[in-house]
Amino acid sequence: MTTLQNRPNTALLVIDVQNGVVAGNHERDAVVANVATLVGKARREQIPVVWVQHSDEGLPRGSDEWQIVPELDRTDAEPLIEKNYGDSFEDTVLAGLGVGRLVVAGAQTDACIRSTLHGALARGYDATLVSDAHTTEDQTAWGAPPPDKVIAHTNLYWTYQTAPGRTAGTIKTEDVDFGSTP
């Protein structure tokens, strides 16, 4: 069993809310607005906001598509994880923040969000998914369910995730209280 000791802090993990990732995604504007609400709430409560920014061949570092959406404003003081894989824990800065609990929002539900949630739980973190602050693109042409069903299914199964000594679950943006979020 992997659990983290002496990590009492909570962080908001904002995953891949980038121009080229969320353009055209399901309920993009509502999700970005919810992420902005979470960022504001975290800052007011002095909770670290950790930004994750993906790059790969189709999303080159420094390109317009790679940039975080203009509705969100990362400050220079907030940690940034640049990644090339779905799981946000490669080369993470979280250990230095004393973080043991993550509140997760962003994109893509069926890729980086799921990978990061499972990676968090497997590494000993408590991981809460904000049910109305993640989105994905339509991949029905490749046999996937429609985006709303992908999101609903992810919310359903993450609500009931468990692991020894750790907590998981979902919560709506309006109900997030960083001081009491498991």
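Relevant structure appears above.
What comes next is a walk through the structure.

**Regarding the side chain of Thr-10**
Here comes step 1: With respect to the helices and strands, Thr-10 occurs in strand S1 (residues 9-15).
Here comes step 2: Only 2.8 Å separates the side chain of Thr-10 from the side chain of Arg-101, close enough to count as a polar contact.

**Description of the layout of surface pockets**
Here comes step 1: For the largest pocket, the calculated volume is near 180 Å³.
Here comes step 2: Considering the residues around the largest pocket, the lining is formed by Asp-16, Gly-20, Val-21, His-54, Asp-56, Gly-58, Leu-59, Ala-107, Gln-108, Ala-111 and Cys-112.
Here comes step 3: Its residues assigned to classes, the lining of the largest pocket comprises five nonpolar, four polar and two charged.

**Observations concerning the pairing of S1**
Here comes step 1: Counted residue by residue, S1 has six buried out of seven residues, so it is predominantly covered.
Here comes step 2: Bridge count for S1 against strand S4 (residues 99-107) is seven bridges, and the pairing is parallel. Opposite Ile-15, over in S4, you have Gly-106 as the bridge partner.

**Let's talk about the pairing of S4**
Here comes step 1: Within S4, eight of the nine residues are buried, which leaves the element mostly enclosed by the surrounding structure.
Here comes step 2: Across six bridges, the pairing between S4 and strand S5 (residues 126-135) is parallel. The partner of Leu-102 across the bridge, within S5, is Ala-127.
Here comes step 3: For the crossover that starts at S4, traverses helix H3 (residues 109-122) and ends in the parallel S5, the hand is right-handed.

**Concerning the nonpolar core**
Here comes step 1: Within the largest apolar cluster, 26 residues are counted, with the highest numbers of intra-cluster contacts made by Leu-12, Val-14, Val-35 and Leu-72.
Here comes step 2: For this core, the secondary-structure elements that each account for two or more residues are S1, helix H1 (19-22), helix H2 (28-44), strand S2 (49-54), S4 and S5.
Here comes step 3: Here this core takes six residues from H2, the largest share from any one element.
Here comes step 4: Once residues within four sequence positions are removed from consideration, Leu-72 is found in contact with Val-17, Val-32, Val-35, Ala-36 and Trp-51.
Here comes step 5: Among the nonpolar cores identified, the runner-up in size contains 22 residues, and Leu-13, Val-52, Cys-112 and Ala-163 belong to it.

Scoring rules and cut-offs
Residues numbered from 1 in each chain as written. Predicted model: local features only at pLDDT ≥ 70, side-chain atom pairs only at ≥ 80, totals over all residues. Heavy atoms only, no water. Helix = DSSP H or I, 4+ residues; strand = E, 2+ residues; numbered from the N terminus. Polar contact = N/O pair within 3.5 Å; in protein donor to acceptor, adjacent residues only side chain to side chain. 1 Å grid on protein atoms, 1.4 Å probe; cavity = no way out; pocket = protein on both sides within 12 Å on 5 of 7 lines; lining within 4 Å. Points joined across faces, edges and corners; volume = space filled by probe spheres on them. Nonpolar A, V, L, I, M, F, W, Y, C, P; charged D, E, K, R; others polar. Buried < 20%, exposed > 50% of the residue type's maximum accessible area, 1.4 Å probe, protein only. Pairing = 2+ DSSP bridges. Right-handed = clockwise from strand over helix to strand, strands pointing away. Core = buried A, V, L, I, M, F, W, Y, C linked by side-chain atoms within 4.5 Å. Contact = heavy atoms within 4.5 Å.

Don't take any of this as a statement about function, it's just geometry.
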